[in-house]
Amino acid sequence: QVQLVESGGGLVQSGGSLRLSCAASGSIFSIYAMGWYRQAPGKQRELVAAMTSGGSTNYADSVKGRFTISRDNAKNTVYLQMNSLKPEDTAVYYCNAELAGSDYAALDYWGQGTQVTVSS
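Residues numbered from 1 in each chain as written. Predicted model: local features only at pLDDT ≥ 70, side-chain atom pairs only at ≥ 80, totals over all residues. Heavy atoms only, no water.

Student: So, the sheet that holds strand β3 (residues 18-26): which residues are in play, and what are the values?
Tutor: Within the open sheet, the 4 strands sit side by side as β1-β3-β8-β7. Their pairing is antiparallel. Looking at which strands have only one partner, the edges of the open sheet turn out to be β1 (2-7) and β7 (67-72). Each adjacent strand pair in this sheet contributes to an overall mean axis angle of 15°, direction not counted. In this structure, β7 lies alongside strand β8 (residues 77-82), joined through 6 bridges in antiparallel fashion. Within the sheet, the bridge partner assigned to Asp72 lies in β8 and is Thr77. (Pairing = 2+ DSSP bridges. Helix = DSSP H or I, 4+ residues; strand = E, 2+ residues; numbered from the N terminus. Axes fitted to C-alpha atoms, helices over the stretch in contact; angles between N-to-C directions.)

Student: Tell me about the nonpolar core, residues and numbers included.
Tutor: Formed by 30 residues in total, the largest nonpolar core has its most connected members in Trp36, Leu80, Met82 and Tyr93. Put simply, the parts of the chain that give this core at least two residues each are β1, β3, β4 (28-39), β5 (46-52), β7, β8, β9 (91-101) and β11 (114-119). If you tally residues by element for this core, the top one is β9, at 5 residues. (Core = buried A, V, L, I, M, F, W, Y, C linked by side-chain atoms within 4.5 Å. Buried < 20%, exposed > 50% of the residue type's maximum accessible area, 1.4 Å probe, protein only.)

Student: Quick rundown of the packing of aromatic side chains? Include the residues and the values.
Tutor: All chains considered together, the criterion is met by 2 aromatic pairs. Measuring from centroid to centroid gives 4.7 Å for Phe29 and Tyr104, while their planes differ by 85°, and the two rings are edge-to-face. A residue pair is termed long-range when its members are at least 10 positions apart, and Phe29 in strand β4 and Tyr104 in the loop between β9 and β10 (106-110) qualify at 75 residues. Side by side, Phe29 and Tyr104 carry an identical accessibility label, which is exposed. With a centroid separation of 5.0 Å and an interplanar angle of 65°, the aromatic rings of Tyr37 and Trp110 are classed as edge-to-face. Taken together, the residues span a long stretch of sequence, with Tyr37 in strand β4 and Trp110 in strand β10 at a distance of 73 residues. Judged by its relative accessible area of 24%, Tyr37 is partly exposed. In this arrangement the basic side chain of Arg19 is found over the ring face of Tyr79, its NZ or CZ atom lying 4.1 Å from the centre. Just above the ring of Trp110 sits the side chain of Arg45; from NZ or CZ to the centre is 4.7 Å. (Phe/Tyr/Trp six-rings, centres within 6.5 Å; stacked < 30°, edge-to-face > 60°. Lys NZ or Arg CZ within 6 Å of the ring centre and 35° of its normal.)

Student: I'd like a description of the pattern of salt bridges, backed by residues and values.
Tutor: Per the stated rule, a full pass over the model turns up 4 salt bridges. Its salt-bridge partner being Asp89, residue Arg38 comes within 3.0 Å of it at the nearest N-O pair. Taken together, the positions of Arg38 in strand β4 and Asp89 in the loop between β8 and β9 put the pair 51 residues apart, joining distant regions of the chain. Note on Arg38: relative accessible area 6%, which makes it buried. For Asp89, a relative accessible area of 1% translates into the label buried. One connected set of salt bridges, linked through shared partners, spans Arg38, Glu46, Arg66 and Asp89. (Salt bridge = Lys/Arg side-chain N within 4 Å of Asp/Glu carboxyl O.)

In structure tokens form, the structure reads like this:
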């Protein structure tokens, strides 16, 4: 069984910073990519940032220059440093991992979500 456990959400004022963490645990054979998505009320879930095992990154245009994704492969952990936060960044942030478990099948896994609220 694979689990993704997120931490680091909360309430912050506009212009502030937060750092999200997501640790993958369980019977993991290989992690191919990890990333963050977010879903605001009434909106579809969208990609925020992702990083492959080789270090390639992809960011949503709305967060480029403000958010930074990083990974600690030894700890199976991905981080999202969020700076210059805006009220429109308010959403539930979900960790995502594309990985192969003990059965070697590559699947998508999701964390439970962590709320980020940016006040104006």
